[in-house]
2 protein chains.
Amino acid sequence: MVIKAARKPALGGQECDMSGWDAGNCPVRDVIDRIAGKWSTLLLEALSHRPYRFGELRRLVPDISQRMLTQTLRDLQRDGYIEREVFPTKPPSVEYRMTDLGRSLFEPLSKVLRWAEKNHSSVKAARAKYDESELA
Amino acid sequence: MVIKAARKPALGGQECDMSGWDAGNCPVRDVIDRIAGKWSTLLLEALSHRPYRFGELRRLVPDISQRMLTQTLRDLQRDGYIEREVFPTKPPSVEYRMTDLGRSLFEPLSKVLRWAEKNHSSVKAARAKYDESELA
DNA sequence: AGTGCTAGTCTCTTTTTGAGACCAATGTTC
DNA sequence: GAACATTGGTCTCAAAAAGAGACTAGCACT
């Protein structure tokens, strides 16, 4: 067929293995989908430094809504990355702190964060280039 | 870590200086927000193995809509992680392949993916525990 | 002559997110 | 002693994003 002949040969010459990579039902997605949220990494980053209370996190991340802060914290807690402790103070305060599991996740995750920090300019350059070529 | 409350946005507009961690305006967020999408990591994982065509990716990830596949690929391309090449075959085919920048990103990212794979059971256990305690 | 392939786009509906009011109990201020 | 702020949320409604599915074009195959 013409299409196959004209196409550039694929790398490796081996059909994708995909062993352990079930797109529809894989464990990786089950975990990643949760920490891939817009706010999850941000909160994990914050809580990797030290425990924070709800209001502190809210001030720390000014553009998160209370609703999403509550929800994201609850999701992270449910997956076992952070703990929630209520202190019976006068207005009861709530503290969130990272668990061992969370710390273990944050170790590789922080490397992606550092990559992002380091390569931000390359990404911005790529965007500028793309936007310019699209303009034509 | 020092938390600065919202100050008057001066010339630069940078408000939060938390030892290199600017919540509101930081390069890390600018990069992470894009690769934190539901489908981004999945497509990067696929394209890390070998180049794929649009339809191949669609079959590979059956539960992505064509709309989101197009959009996610375009975002990844815009940020410079993947390249798009059109082959003038009879029904024109389009191939997507990872760039050097994409590969450089995928190196730390793949470690998170492997963490997810390895710790899936811990996360599932945490969820079960949480759900049970919530039920009470 | 009908069907399928290609890589999308367009529209419509459903889900997710954001903005902001509201809560109850206490503490501080005037 | 009345007003107002602070605690960690929840609730509602509007806006944005995502999903489902129809539609496109030219050509190959049957």
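Our subject is the structure listed above.
Residues numbered from 1 in each chain as written. Chains lettered and ligands numbered in written order. Predicted model: local features only at pLDDT ≥ 70, side-chain atom pairs only at ≥ 80, totals over all residues. Heavy atoms only, no water.

## Section: the protein's contact with DNA strand D
Around DNA strand D lies a shell of 21 residues, among which Gln66, Arg84 and Tyr96 of chain A together with Arg67 and Met68 of chain B are the nearest. By atom count, sugar and phosphate contribute 69% of the portion of DNA strand D lying within 4 Å of the protein. Between DNA strand D and the protein, one listed contact pairs a phosphate oxygen with a side-chain N or O atom of arginine 84 of chain A at 2.3 Å. At 2.7 Å from a phosphate oxygen of DNA strand D is found a side-chain nitrogen or oxygen belonging to tyrosine 96 of chain A. Of all the secondary-structure elements, those providing two or more residues to the surface near DNA strand D are helix 4 (54–60), helix 5 (66–78) and strand 3 (93–98) of chain A together with helix 4 (66–78) of chain B. Of all the elements, helix 5 of chain A adds the most residues to the surface near DNA strand D, at 4 residues. Residue classes in the surface near DNA strand D are distributed as 8 nonpolar, 5 polar and 8 charged. (Near = heavy atom within 4 Å. Polar contact = N/O pair within 3.5 Å; in protein donor to acceptor, adjacent residues only side chain to side chain. Helix = DSSP H or I, 4+ residues; strand = E, 2+ residues; numbered from the N terminus. Nonpolar A, V, L, I, M, F, W, Y, C, P; charged D, E, K, R; others polar.)

## Describing the relation of the copies chain A and chain B
Between chain A and chain B, the superposition needs a rotation of 180° and an axial shift of 0.0 Å, giving an RMSD of 0.0 Å. The superposition of one copy onto the other is thereby described by a two-fold rotation axis. Among all residues of chain A, the minimum C-alpha distance to the rotation axis is found for alanine 36 of chain A, at 2.3 Å. Take the interface residues of chain A: 88% of them recur as interface residues in chain B, which is what a same-surface contact looks like. (Least-squares fit on C-alpha atoms with pLDDT ≥ 70 in both. Contact = heavy atoms within 4.5 Å.)

## Observations regarding the sheet that holds strand 3 (residues 93–98) of chain B
Residue and element names in this part refer to chain B. Pairing in this open sheet of 3 strands is antiparallel, and the strands run 1-3-2 from one edge to the other. Each edge of the sheet is formed by a strand with only one pairing partner; in this case those strands are strand 1 (52–53) and strand 2 (82–87). In this sheet, strand 3 lies alongside strand 1 in antiparallel orientation, the contact comprising 2 bridges. If you follow tyrosine 52 over to strand 3, its bridge partner there is tyrosine 96. Sitting on the sheet, helix 2 (residues 40–49) touches strand 1, strand 2 and strand 3, and the angle it makes with strand 3 is about 90°. (Pairing = 2+ DSSP bridges. Axes fitted to C-alpha atoms, helices over the stretch in contact; angles between N-to-C directions.)

## Some words on the pairing of strand 2 of chain B
Consecutive side chains of a regular strand alternate in pointing toward one face of the sheet and then the other. Residues and elements named next belong to chain B. Inspection of the sheet shows strand 2 paired to strand 3 by 6 bridges, in the antiparallel sense. Within the sheet, the bridge partner assigned to phenylalanine 87 lies in strand 3 and is serine 93. Adjacent in sequence and paired antiparallel, strand 2 and strand 3 are bridged by 5 residues.

## Comments concerning the pattern of salt bridges
Any two side chains of opposite charge can pair, given that their charged atoms come close. Residues and elements named next belong to chain B. Under the definition given, this model contains 15 salt bridges over all chains. For the salt bridge of arginine 97 with glutamate 85, the shortest nitrogen-to-oxygen distance reads 3.3 Å. With a gap of 12 residues between them, arginine 97 in strand 3 and glutamate 85 in strand 2 connect regions that are remote in the sequence. (Salt bridge = Lys/Arg side-chain N within 4 Å of Asp/Glu carboxyl O.)

## Here's the deal with the protein's contact with DNA strand C
In the vicinity of DNA strand C, 20 residues are found, and the nearest of them are Arg67 and Met68 of chain A together with Gln66, Arg84 and Tyr96 of chain B. For DNA strand C, the backbone makes up 65% of the atoms found within 4 Å of the protein, where backbone means sugar plus phosphate. In this structure, tryptophan 39 of chain A approaches DNA strand C through a side-chain N or O atom, which is 3.2 Å from a phosphate oxygen. One of the side-chain nitrogen or oxygen atoms of tyrosine 96 of chain B is found 2.8 Å away from a phosphate oxygen of DNA strand C.

## Quick word on the interface of chain A and chain B
Taken residue by residue, the interface counts 64 residues in chain A and 66 residues in chain B. Taken together, both faces of the contact between chain A and chain B bury some 5,800 Å²; the carbon and sulfur share is 67%. For the pair chain A and chain B, the number of links is 8 salt bridges. Here aspartate 131 of chain B ties to arginine 78 of chain A by a salt bridge, and the two come within 2.5 Å at their closest N and O atoms. For the pair chain A and chain B, the interface holds 14 residue pairs in polar contact (both at pLDDT 80 or more). Those elements that place two or more of their residues in the side of chain A that touches chain B are helix 1 (2–6), helix 2 (27–35), helix 3 (40–49), helix 5, helix 6 (100–118) and helix 7 (120–135) of chain A. Considering every element that reaches the side of chain A that touches chain B, the biggest residue donor is helix 6 of chain A, with 11 residues. (Buried area = accessible area lost by both parts, 1.4 Å probe.)

## Description of the environment of aspartate 100 of chain A
Within the secondary structure, aspartate 100 of chain A sits in helix 6. In this structure, the C-alpha to C-alpha distance between aspartate 100 of chain A and glycine 80 of chain A, residues 20 residues apart in sequence, is 8.8 Å.

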